[in-house]
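Single-letter residue listing:
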Amino acid sequence: MEVSYSNIKVIGFDADDTLWVNETYFREAEHEFAKLLAGYETENKIDQELFKMEIKNLDIYGYGIKGFVLSMIESAMELSNNKIDNATISKILHLGKEMLLKPVEVLDGVEEVLQSLVADYRIILLTKGDLLDQERKLEKSGLSKYFHHIEVLSDKKEENYKNLLDHLEIDVNEFLMIGNSLKSDVLPLVNIGAKAIHVPFHTTWAHEMVNVEKEDDSFKTVGSLKDILKLIDRKD
């Protein structure tokens, strides 16, 4: 069944790895973290234990770099049997600060797409993570002028989307979400009756990976963000 976007009035965009590079920096930090703990375990084991710690801590710290740093410190203590020295903990904290100070690398075609849509649609930014960090990245990106509303969610589950759309008085049938994560940006929207377009990024956090066993015609997957302009019915 062909998906129609003719009735769409509001378009939501994910931020990290949809508008700008994000996950790449986490992979780089994980590699550096493994090097710091190389005396205790293999890189593969360190990666596995850090991931377990991040998932365990999600309900406490939420998403974002700060929670990631705290999970690295806690993992270092466990993997070293509490023998980790202060100098290494200081290096872990430095890794986190480096991540927070990274330049914002806007992905190819993002501004072109936003410029093309902003006159005809109400555009909102829906992201999750640390509020201060997301505000910083949005300011550095130079993209804030395109958004009618910006929301940093604690999570991106069906209930989060329902509550936000109700609060903003957006009809679910008139809403389209665009993002790189099937788990967070696509499937929850489809499940509540909205439209969604999947724009994969080359690096995906394991927690965001889901298997869609059969071809699903409830959403579209495109090769790049610019491809959505071919799908959306433009209001001429």
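Residues numbered from 1 in each chain as written. Predicted model: local features only at pLDDT ≥ 70, side-chain atom pairs only at ≥ 80, totals over all residues. Heavy atoms only, no water.

A. Representation of the overall build of the protein chain in the model. A count of helices and strands for the protein chain gives nine helices and six strands. For 236 residues, the compact-globule formula gives about 18 Å, and the C-alpha radius of gyration of the protein chain, at 19 Å, lands near that figure. Based on the C-alpha atoms only, the size of the protein chain along its principal axes is roughly 65 × 40 × 30 Å. Contacts in the protein chain between residues far apart in sequence, at least 24 positions, make up 73% of those at least 6 positions apart. Looking at charge distribution, the protein chain has the averaged site of its 28 positive side-chain charges lying 2 Å from that of its 44 negative ones. (Helix = DSSP H or I, 4+ residues; strand = E, 2+ residues; numbered from the N terminus. Rg over C-alpha atoms; globule rule 2.2 N^0.38 Å. Contact = heavy atoms within 4.5 Å. Lys, Arg positive; Asp, Glu negative; His and termini not counted. Charge placed at Lys NZ, Arg CZ, Asp CG, Glu CD.)

B. Spotlight on the side chain of S75. Assignment of secondary structure puts S75 in helix α3 (residues 65-79). The residues contacting S75, other than those within four sequence positions of it, are F33, E49, L50 and M53.

C. Expanded view of the nonpolar core. Core analysis: the biggest nonpolar cluster contains 29 residues, and I11, F13, L117, L143, F147, I178 and I228 have the highest contact counts within it. Mapped onto this core, the elements with two or more residues apiece are β1 (10-13), α5 (110-117), β2 (122-128), β4 (175-179) and α9 (228-231). The biggest single contributor to this core is α5, with four residues. (Core = buried A, V, L, I, M, F, W, Y, C linked by side-chain atoms within 4.5 Å. Buried < 20%, exposed > 50% of the residue type's maximum accessible area, 1.4 Å probe, protein only.)

D. Geometry of the pairing of β4. For β4, the tally of buried residues reaches five of five residues, placing the bulk of the element in the interior. Sheet topology note: the β1/β4 ladder contains four bridges and is parallel. Across the sheet, the residue bridging to G12 is M177, located in β4. When β4 meets strand β5 (residues 195-198), the two strands line up parallel, connected through four bridges. Residue pairing for β5: M177 is matched across the bridge by A196. (Pairing = 2+ DSSP bridges.)

E. Quick peek at the packing of aromatic side chains. Counted under the stated rule, the structure contains one aromatic pair. It is K128 that lies over the ring of Y63; its NZ or CZ is 4.0 Å from the centre. (Phe/Tyr/Trp six-rings, centres within 6.5 Å; stacked < 30°, edge-to-face > 60°. Lys NZ or Arg CZ within 6 Å of the ring centre and 35° of its normal.)

F. Region of interest: the pattern of salt bridges. Taken as a whole, this structure holds 19 salt bridges when the rule is applied. Ionic pairing is found between K137 and D16, a salt bridge with its closest N-O pair at 2.8 Å. Placement of K137 in helix α6 (residues 131-141) and of D16 in the loop between β1 and α1 (23-36) is noted, with a sequence separation of 121 residues between them. There is no split in this pair, since K137 and D16 are both buried. When salt bridges that share partners are traced, they join D16, D133, R136 and K137 into one network. (Salt bridge = Lys/Arg side-chain N within 4 Å of Asp/Glu carboxyl O.)

G. Representation of the side chain of N160 in the model. Turning to its location among the elements, N160 is positioned in helix α7 (residues 158-167). A distance of 2.9 Å separates a polar side-chain atom of N160 from the backbone nitrogen of K157. Once you skip the residues sitting within four places of it in the chain, N160 turns out to touch S154 and D155. (Polar contact = N/O pair within 3.5 Å; in protein donor to acceptor, adjacent residues only side chain to side chain.)

H. Representation of a nonpolar patch on the surface within the structure. Together, I60, Y61 and L70 make up a nonpolar patch on the protein surface, roughly 290 Å² of accessible area in all. With respect to the element layout, I60 can be found in helix α2 (residues 43-61). Residue I60 is classed as exposed on the basis of its relative accessible area of 63%. (Patch = residues over 30% accessible without salt bridge, like charges linked within 9 Å, V, L, I, M, F, W, Y side chains within 5 Å. Areas by Shrake-Rupley, 256 points an atom, 1.4 Å probe, with all protein chains shown as cover.)

I. Structural context of the pairing of β1. Across the two faces of β1 the burial is the same, with V10 and G12 and I11 and F13 all buried. Where β1 meets β2, four bridges bridge the pair, whose relative direction is parallel. Looking across to β2, one finds that V10 is bridged to R122.

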